[in-house]
Amino acid sequence: MLGSPCLLWLLAVTSLVPTAEPLTPQDFEEEEEDETAWPPFPAVLCDYDRCRHLQLPCQELQRASPTPCLCPGLSSPALRPEQPRLGEVRVVAEAGLAVVHWCAPSSPVQEYWLLLWEGSGAPQKGPSLNSTVRRAELKGLKPGGAYVVCVVAANAAGESSVPWADGKGIEGADGPAFGPCGRLTVPPRPQTLVHAAVGVGTALALMSCAALVWHFFLRRRWGCPRRTATRPATGL
Ligand SMILES: *[C@@H]1O[C@H](CO)[C@@H](O)[C@H](O)[C@H]1NC(C)=O
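Criteria and thresholds
- Residues numbered from 1 in each chain as written.
- Predicted model: local features only at pLDDT ≥ 70, side-chain atom pairs only at ≥ 80, totals over all residues.
- Heavy atoms only, no water.
- Near = heavy atom within 4 Å.
- Areas by Shrake-Rupley, 256 points an atom, 1.4 Å probe, with all protein chains shown as cover.
- Nonpolar A, V, L, I, M, F, W, Y, C, P; charged D, E, K, R; others polar.
- Phe/Tyr/Trp six-rings, centres within 6.5 Å; stacked < 30°, edge-to-face > 60°.
- Lys NZ or Arg CZ within 6 Å of the ring centre and 35° of its normal.
- Salt bridge = Lys/Arg side-chain N within 4 Å of Asp/Glu carboxyl O.
- Helix = DSSP H or I, 4+ residues; strand = E, 2+ residues; numbered from the N terminus.
- Buried < 20%, exposed > 50% of the residue type's maximum accessible area, 1.4 Å probe, protein only.
- Disulfide = S-S within 2.5 Å.

### Here's the deal with the site of the ligand
Thinking step 1. With respect to spatial proximity, the complete set of residues near the ligand consists of Leu54, Asn130, Thr132 and Val133.
Thinking step 2. Here the ligand, which alone exposes 370 Å², has 31% of that area covered by the protein.
Thinking step 3. Split by residue class, the shell around the ligand holds 2 nonpolar, 2 polar and no charged.

### Notes on the packing of aromatic side chains
Two aromatic rings are characterised by how far apart their centres lie and by the angle between their planes.
Thinking step 1. What the rule picks out here adds up to 1 aromatic pair.
Thinking step 2. Above the plane of the ring of Trp113 lies Lys125, whose end atom (NZ or CZ) is 4.0 Å from the centre.

### Considerations on the pattern of salt bridges
Thinking step 1. Across all of its chains, the model carries 3 salt bridges by this definition.
Thinking step 2. As a salt-bridge pair, Asp47 and Arg52 come within 3.1 Å of each other at their nearest N and O atoms.
Thinking step 3. Between Glu118 and Lys142 there is a salt bridge, with the nearest N and O atoms lying 3.2 Å from each other. With Glu118 in strand S3 (residues 111–118) and Lys142 in the loop between strand S6 (135–138) and strand S7 (146–155), this residue pair connects regions lying 24 residues apart in the sequence.
Thinking step 4. Given the relative accessible area of 46%, Lys142 is considered partly exposed.

### Re the state of the cysteines
Thinking step 1. Throughout the structure, instances matching the rule amount to 4 disulfides.
Thinking step 2. Here Cys51 is linked by a disulfide to Cys103, with a sulfur-sulfur distance of 2.0 Å. Between Cys51 and Cys103 the sulfur-sulfur dihedral comes to about 110°; the bridge is accordingly right-handed. With a gap of 52 residues between them, Cys51 in the loop between helix H2 (25–33) and helix H3 (58–64) and Cys103 in strand S2 (residues 97–103) connect regions that are remote in the sequence.

Remember that the coordinates give geometry; whether it matters functionally is a separate question.
Dropping the structure here:
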């Protein structure tokens with residue numbers, strides 16, 4: 001029978017409860033010495049991971065779970081959420097996109113969105129993402145571009161704060177290591193590097209030609225230019 005061990009266990013718990021007395025400092029000392037004095041408690045955590053993509057809210061897991069489980073504590077729904085924590089940001093340079101991961105704050109959240117800054121311009125706000133989402137793509141990133149990305153959580157009471165959205169710009173600012181924001185740089189495309197190399201090579205070749213022309217033609221003809229001397233106007 002499945003029910004009988006549970007019943008016995010419940011009886012054991014309930015029979016312990018009436019004997020409980022107000023704790024005195026001596027009681028604390030005794031209990032610290034003898035840890036088995038604590039009544040057994042179903043300290044099973046719900047299968048909830050605040051960083052897992054498409055993670056149902058823990059309260060929903062609790063409701064659906066056949067056995068009782070524990071959820072991490074949350075701040076009040078009457079307060080705006082705490083900051084989510086930005087996780088891995090993976091840049092796919094060839095596709096001009098970045099995959100951004102984050103972890104939920106210890107707050108009730110209704111939606112998330114991303115903010116993206118390029119340089120010191122105004123932030124672009126991404127689409128609204130439901131509370132189960134922990135991963136999103138940023139598209140249309142420019143090769144060689146440098147960006148700042150922040151994740152914002154919102155509920156009925158407001159939205160989480162963003163350290164760089166204070167109007168002072170993002171240049172030179174560095175957020176806390178485990179904050180909602182991070183920097184991302186897109187490497188230049190390989191073909192851009194080839195173009196740059198060709199460009200630099202062409203420029204060097206032109207400069208060499210110019211130097212040779214100056215040396216062998218103009219210099220020989222006009223002599224070395226002196227600071228005080230005006231150039232002789234030679235009629236051709
Ligand atoms: C939340 O968004 C994700 C991704 O768009 C989607 O797969 C999921 O069904 C949505 N969940 C709810 C509860 O709307």
